[in-house]
Amino acid sequence: MVTSIYGIFQLNFISEFTYKHYSRFILSITFFCSFLIFSCTPSTDLEWNDETHYRWAELSPGFFGSDGFRQLSASRTGIDFQNVITEEEIAENRHYLNGSGVAAGDINGNGLTDLYFTGLSNSNRLYLNRGGMKFEDFTDQAGVAHDGYYSTGAVFADINGNGHLDLLVTAMHGENVLYLNDGTGRFTKDEESGLG
């Protein structure tokens, strides 16, 4: 009789002990998961600070300190530019190792940032932003290939004050050039700019 009471007591104690710890374990896991979901989910709403002629917002790093960037393929974006230079050209002029530049700006007034890539031994490329990280090669229509100049840099700026971003291109061989924008993203080389 003593053994059976002890056995019943032991079973009740083990069941109660197991149930308490199991409940605490489940509660702890639920709390931890809720914490992860709500504290690690990035906010999509940015707090923008308006300044004269620009605005900015603080960005927080991604999950576990990730920088938040990821590589997008050329097939997804439409940008397939590569700066081409041969080893023979590098041996001839080490300055080629500095590479070339990229200009970013809204050249057609649609509110999206377009990209202009400068090339060394290949032609420059202009990509219109179509939204959703999709771009269209617009170089030929815009008239800004600037081929054969070993371009080293570019910048969009409204040079003539008409409200449209013009394009300045610097080059290692040949002249630095100003292209004037007509407002639709089509450019004309300004022969009288004095940049030669």
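Predicted model, so just to flag it, every value in this text is computed and none were measured.

> Now, about the overall build of the protein: what can you tell me, with residues and values included?
When you go through the protein residue by residue, the secondary structure sums to four helices and 10 strands. When the helices and strands of the protein are listed from N to C terminus, the series reads α-β-β-α-α-β-β-β-β-α-β-β-β-β. Counting only residues that meet the buried cut, the protein has 26% of its 196 residues in that class. About 13800 Å² of surface is accessible on the protein, with carbon and sulfur atoms providing 57% of the total.

> Break down the confidence of the model for the protein for me, citing the residues and quoting the values.
On average, residues of the protein score 82 in pLDDT, and 73% of them reach the 70 mark or higher. Per-residue pLDDT, averaged within each element of the protein, yields its smallest value for helix 1 (residues 2-40) (52) and its largest for strand 4 (residues 114-117) (98).

> Can you lay out the pairing of strand 2 (residues 54-57) for me, pointing to particular residues and giving the numbers?
In summary, the side chains of a regular strand alternate between the two faces of the sheet. As paired strands, strand 1 (residues 48-51) and strand 2 are joined by four bridges and run antiparallel to one another. By the bridge assignment, D50 is partnered in strand 2 with R55.

> Could you give me a rundown of the nonpolar core, with the residues and numbers involved?
Y116, L126, V144, F156, L167, Y179 and F187 are the most contacted members of the largest nonpolar core, which totals 15 residues. Of all elements in the fold, only strand 5 (125-129), strand 7 (151-157), strand 8 (166-171) and strand 9 (177-181) reach the threshold of two or more residues within this core. When sequence neighbours within four positions are dropped, the list of residues in contact with F187 reads I107, L126, A142, V144, F156, L165, D166, L167, Y179, L180 and N181. The next biggest cluster of nonpolar side chains, apart from the first, holds six residues, and it includes L115, F117, Y127 and F135.

> Break down the packing of aromatic side chains for me, with residues and values.
Scanning the entire structure with this criterion turns up four aromatic pairs. Between F81 and F117, the aromatic rings sit 5.3 Å apart at their centres with planes inclined by 20°, giving stacked as the arrangement. Placement of F81 in the loop between helix 2 (74-77) and helix 3 (87-92) and of F117 in strand 4 is noted, with a sequence separation of 36 residues between them. Note on F117: relative accessible area 16%, which makes it buried. Between Y96 and Y150, the ring centres sit 5.0 Å apart and the planes meet at 25°, which makes this aromatic pair stacked. Here Y96, found in the loop between helix 3 and strand 3 (102-105), pairs with Y150, found in the loop between helix 4 (139-142) and strand 7; they are 54 residues apart in sequence, far enough to count as distant. The class of Y96 is buried, set by a relative accessible area of 4%. Taking relative accessible area as the criterion, Y150 reaches 17% and is therefore assigned buried. An aromatic cluster is defined as three or more aromatic residues linked by ring pairs; in this entry it consists of F81, F117 and Y127.

> How would you summarise the pairing of strand 8 if you had to cite specific residues and measurements?
As judged from the six bridges shared by strand 7 and strand 8, these two strands associate in the antiparallel manner. Bridge pairing links A157 to D166 in strand 8. Joining the antiparallel neighbours strand 8 and strand 9 is a turn of five residues, in which G174 adopts a positive phi near 90°.

> Describe in detail the side chain of N122, supporting the description with residues and values.
Looking at the element boundaries, N122 is found in the loop between strand 4 and strand 5. A relative accessible area of 16% means that N122 is categorised as buried.

> Tell me about the sheet that holds strand 9, and please be specific about residues and values.
Paired through backbone hydrogen bonds, the strands of a sheet run either parallel or antiparallel to each other. With antiparallel pairing, the four strands of this open sheet are ordered in space as 7-8-9-10. Every interior strand has two partners, whereas the edge strands, strand 7 and strand 10 (187-189), have only one. Taking each pair of neighbouring strands and ignoring which way they run, the sheet shows an average axis angle of 25°. With three bridges joining them, strand 8 and strand 9 adopt antiparallel strand pairing. If you follow L167 over to strand 9, its bridge partner there is Y179.

Conventions adopted
Residues numbered from 1 in each chain as written. Predicted model: local features only at pLDDT ≥ 70, side-chain atom pairs only at ≥ 80, totals over all residues. Heavy atoms only, no water. Helix = DSSP H or I, 4+ residues; strand = E, 2+ residues; numbered from the N terminus. Buried < 20%, exposed > 50% of the residue type's maximum accessible area, 1.4 Å probe, protein only. Areas by Shrake-Rupley, 256 points an atom, 1.4 Å probe, with all protein chains shown as cover. pLDDT = per-residue confidence, 0-100. Pairing = 2+ DSSP bridges. Core = buried A, V, L, I, M, F, W, Y, C linked by side-chain atoms within 4.5 Å. Contact = heavy atoms within 4.5 Å. Phe/Tyr/Trp six-rings, centres within 6.5 Å; stacked < 30°, edge-to-face > 60°. Axes fitted to C-alpha atoms, helices over the stretch in contact; angles between N-to-C directions.

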